[in-house]
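# Tertiary structure, described
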Amino acid sequence: MPAETTLTDLNWYQLDAAAALDQLATSEAGLSEAEAAQRLATHGPNELEDRGGRSSFQIFVSQFRDLFTVILVVAAVISAFLEDWIEAVAILAIIILNAVMGFVQEKKAEEAMAALKRMSVPEVTVIRSGETVITTSSDIVPGDIVVLETGNIIPADGRLIEAVNLDVEEAPLTGESVPVSKDADKVYRSEAAVADRQNSVYRGTTVTRGRGTVAVTDTGMQTELGRIAGLLQSVEEERTPLQRRLDHLAKVLAMVALGIVGLLFAIGIAQGE
């Protein structure tokens with residue numbers, strides 16, 4: 001079988017079905033169980049990796065780390081110390097409301113990975129050694145021949161071998177609201193966007209009509225959906241321009257407040273208070 005790097009670099013939509021099968025070292029009869037097991041050991045399970053995110057507690061605590069919020073907390077504590085309960089409660093209410101809103105927004109972002117993982121199906125129909133068998137989605141490997149029918153969620157990326165009136169909804173991947181008609185005989189001679197590749201199907205999309213068979217080309221994190229998952233998990237948190245301006249404003253307010261406090265303290269000392 002060709003090296004994995006070679007398979008990863010191939011533009012499968014630019015190959016006809018026979019050439020794709022040849023590159024994958026498979027056939028329409030599918031892989032043998034022994035070969036499938038060997039490839040599973042080489043490529044790993046067909047699963048999206050969860051590299052771990054922040055817990056709900058960590059997300060909530062992070063809402064209180066910016067300087068502006070710290071200043072408000074200090075103001076609330078001072079108001080309570082001076083028994084100005086109305087002002088203290090009002091400030092605390094603002095702090096809590098801001099923290100809850102920030103928590104909800106960040107929690108939704110953290111749940112994006114879980115949503116991607118839900119776009120999988122526990123069992124799929126594959127052809128192994130010429131026979132149709134049921135196997136788990138995580139055991140799918142490059143070179144497997146997967147049978148597609150109406151209602152199926154596609155378990156991995158692949159090059160279509162056969163397509164009969166096959167329509168696939170690709171909205172989770174491309175944003176297209178209308179199902180795309182697929183054509184196994186289509187071959188592209190130039191670069192084509194994912195949404196335009198009529199001879200290919202992708203993990204997480206759904207068959208809305210027709211039937212077909214597909215030779216799996218990429219699994220797990222090598223799929224288009226896997227690449228999106230990888231990007232989601234590798235994005236570093238950056239503060240927005242508004243947050244940076246608020247931080248700057250908080251520093252200015254803090255310095256002004258400290259200056260006023262120092263001035264009042266000096267005046268009080270001078271007056272013998």
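Preceding this paragraph is the structure being described.
Described below are features of the structure shown in this document.

Our focus in this paragraph is the overall build of the protein. When helices and strands are tallied, the protein shows ten helices and seven strands. Of all 273 residues assigned to the protein, the portion counted as buried reaches 33%. Across the protein, the fraction of contacts at a sequence separation of at least 24, relative to all contacts at a separation of at least 6, is 70%. Carbon and sulfur atoms form 58% of the exposed surface of the protein, whose accessible area is close to 15800 Å².

Our focus in this paragraph is the pattern of salt bridges. By the definition in use, this model includes seven salt bridges. Here R128 makes a salt bridge to D144, at a shortest N to O gap of 2.8 Å. Of this pair, R128 sits in strand β1 (residues 123-128) while D144 sits in the loop between β2 (131-136) and β3 (145-149), and the two are 16 residues apart along the sequence. Each of the two residues, R128 as well as D144, counts as buried. Counted as one network, the salt bridges with shared partners bring together E33, R128 and D144.

To continue, consider the nonpolar core. I140, V146, L148, L160 and V201 are the most contacted members of the largest nonpolar core, which has 15 residues in total. If you list the elements that add at least two residues to this core, you get β1, β3, β4 (157-169) and β7 (206-218). Dropping the residues within four chain positions of it, V201 is found in contact with L148, I154, A156, D157, G158, L160, V168, K182 and V214. Within the second largest apolar cluster, ten residues are counted, among which are A17, A20, L24 and I161.

This brings us to helix α5 (residues 67-81). With 15 residues, α5 should cover 21 Å at 1.5 Å per step; its first-to-last C-alpha distance of 21 Å lies within 8% of that length. Looking one or two places after α5, you find E83, whose phi comes out positive at around 65 degrees.

On to unusual backbone geometry. In the Ramachandran plot, E83 falls in the positive-phi region, its phi being about 65 degrees despite a non-glycine side chain. For E83, the position within the fold is in the loop between α5 and α6 (85-110). Take E83: its relative accessible area is 58%, and that puts it in the exposed class. You will see that S129, though not glycine, has its phi angle at about 55 degrees, which is positive. You can see S129 is positioned in the loop between β1 and β2.

On the surface, a nonpolar cluster with roughly 650 Å² of combined accessible area is contributed by V252, M255, V256, I260, L263, L264 and I267. Within the secondary structure, M255 is located in helix α10 (residues 241-270). M255 sits in the exposed class, given a relative accessible area of 59%.

Moving on: the environment of I78. Mapping I78 onto the fold places it in helix α5. Overall, the relative accessible area of 46% leaves I78 in the partly exposed class. Between the C-alpha atoms of I78 and A88, which are ten residues apart in sequence, the distance is 8.0 Å.

Another aspect to go through is the environment of V133. Mapped onto the fold, V133 is located in strand β2. Separated by 13 residues in sequence, V133 and V146 place their C-alpha atoms 9.7 Å apart. Apart from residues no more than four positions distant in its own chain, V133 is found in contact with E33, V124, T125, V126 and R128.

This next bit is on the packing of aromatic side chains. According to the stated counting rule, one finds one aromatic pair in the structure shown. The ring of Y188 has K186 sitting right over it, with the charged end atom 5.6 Å from the ring centre.

Pairing of β4 with β7, which is carried by ten bridges, proceeds in the antiparallel orientation. In the sheet register, E169 faces β7, and the bridge partner there is T206. Bridging between β4 and strand β6 (residues 200-201) involves two bridges; their strand directions are antiparallel. Within the sheet, the bridge partner assigned to G158 lies in β6 and is V201.

Relative to β2, β1 runs antiparallel, the two being bridged by six bridges. Following the sheet pairing, V126 is matched in β2 by V133. Between the antiparallel neighbours β1 and β2 lie two residues, among them S129 with a positive phi of about 55 degrees. Where β1 lies against β3, two bridges are found, and the strand directions are antiparallel. Residue pairing across strands places I127 opposite I145, the latter belonging to β3.

Rules and cut-offs
Residues numbered from 1 in each chain as written. Predicted model: local features only at pLDDT ≥ 70, side-chain atom pairs only at ≥ 80, totals over all residues. Heavy atoms only, no water. Helix = DSSP H or I, 4+ residues; strand = E, 2+ residues; numbered from the N terminus. Buried < 20%, exposed > 50% of the residue type's maximum accessible area, 1.4 Å probe, protein only. Contact = heavy atoms within 4.5 Å. Areas by Shrake-Rupley, 256 points an atom, 1.4 Å probe, with all protein chains shown as cover. Salt bridge = Lys/Arg side-chain N within 4 Å of Asp/Glu carboxyl O. Core = buried A, V, L, I, M, F, W, Y, C linked by side-chain atoms within 4.5 Å. Expected span 1.5 Å × (residues − 1). Patch = residues over 30% accessible without salt bridge, like charges linked within 9 Å, V, L, I, M, F, W, Y side chains within 5 Å. Phe/Tyr/Trp six-rings, centres within 6.5 Å; stacked < 30°, edge-to-face > 60°. Lys NZ or Arg CZ within 6 Å of the ring centre and 35° of its normal. Pairing = 2+ DSSP bridges.

On their own, these measurements won't tell you what the molecule is for.
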